[in-house]
Amino acid sequence: MVLGLASVLALAGCANPSSGGTASSGASPAVEVSGTSYNLGADQHRVTTPKVDSIAAEVPEAIRRRGTLQIVGSTSSEPPLSCYATDNKTVIGVEPDIAYLVADVLGLKPRLNTVSWENIFVGLDSGKYDVGFSNITDTEERKNKYDFATYRKDNLAFEAKKGNGLKVTGPRDVAGRTVAVQSGTNQEKLLLEWSDQDVHAGLRPVNVKYYQSAGDAYLALSSGRIDLYLGPHPTAAYHVASAGQTEIAGSYSGAGATLQGLIGATTKKDDGLAKPLADALNDVIKNGTYGQVLKRWGLSSEAVATSLVNPPGLPRTNQ
């Protein structure tokens, strides 16, 4: 059975607890969407993997002595990437699952911190957090300040109201359209560059609207206040399948037209953690636990064969 989004959110408690959302009492934590059964309960039975001493020894001494890995992610409620479980406080999804696997390999206790998107980077800059696992795209601009250990393909999707006939294959298709996006993301950068290209071609610019959460964007989409919402492909595909009210109008690499985008574990530049993170990710890729995590969240198609440190990312300009 495929549930509508309202039912899914009620079951999952997929909302920020501070927003006043509550989970349904006695609701089953299992939800099936497009053939994938999602465990949305607090008891996750997460996939685990053994510590690898040789990789754990690569971790900077201060973190090894502390014994914990301070992980930071966004509070955005976007399954299957991350959301709150039925208890409305446990963070679940593919992002925390992969972070926990990495902590296992490194022999560290995971400490998951959830903050707003912009505060992920504030916290990394200050040293409050060791690593960000939050669907963060490897970009050349971000590499001025951060290192990346990649672990998933990054694909974006334009979502439209079902039946409106919109198809997006390039900049011309969004000229003059009202498109929602989240501020500070690589999808915002791509969208603004497309708008510039439209203007240079004598077309109307994109009317860009900003929303703090996917839920707000979906409400605007259903009411006709926006034509399209540009966000991560996994969340768009989940929403399309679960709600049945929208459709994917087009998909695009998160690194632009000529490069496959990649999501990476993100650390402060030159702090010595990127290599052990990549080595840990390659260990779980090799031993199969990485594949198990992706499968349980319906994201097997986004698997990478190898984790790389700072591979080419979204260019500074994409024209």
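For clarity, every value in this text was computed on a predicted model and none was experimentally measured.

Parameters at a glance
Residues numbered from 1 in each chain as written. Predicted model: local features only at pLDDT ≥ 70, side-chain atom pairs only at ≥ 80, totals over all residues. Heavy atoms only, no water. Core = buried A, V, L, I, M, F, W, Y, C linked by side-chain atoms within 4.5 Å. Buried < 20%, exposed > 50% of the residue type's maximum accessible area, 1.4 Å probe, protein only. Helix = DSSP H or I, 4+ residues; strand = E, 2+ residues; numbered from the N terminus. Contact = heavy atoms within 4.5 Å. pLDDT = per-residue confidence, 0-100. Expected span 1.5 Å × (residues − 1).

In this structure, V94, I98, L106, F133, L277 and W297 are the most contacted members of the largest nonpolar core, which totals 44 residues. Looking at this core, the elements with two or more residues in it are β1 (30-33), β3 (68-74), α4 (94-106), β8 (146-161), β13 (261-268), α9 (274-287) and α10 (289-296). Counting residues per element, this core draws most heavily on α4, which supplies 8 residues. If near-sequence neighbours (up to four positions away) are discounted, L277 is found in contact with V102, L106, V131, A149, A265 and T267. Counting 19 residues, the second largest nonpolar core, distinct from the first, contains F158, V174, V179 and V206.

Low-pLDDT stretches of the model should not have their predicted coordinates read in fine detail. Across the protein chain, the average pLDDT comes to 89, with 90% of residues at 70 or higher. A low-confidence stretch, residues 1-13 stays under pLDDT 50, and its non-local contacts, those more than four residues away or across chains, total 36 contacts. Here residues 15-27 is modelled with pLDDT under 50, and outside its nearest four sequence neighbours on either side it reaches 18 contacts, counting other chains as well.

Moving on, we come to α4. Helix length check: α4, at 13 residues, gives a terminal C-alpha distance of 19 Å against a target of 18 Å (1.5 Å per residue), a fit within 8%. Within α4, 11 of the 13 residues are buried, leaving the element largely enclosed by the surrounding structure. Within α4, burial applies to V94, E95, P96, D97, I98, A99, L101, V102, A103, V105 and L106. In the stretch just after α4, G107 is the one whose phi turns positive, near 70 degrees.

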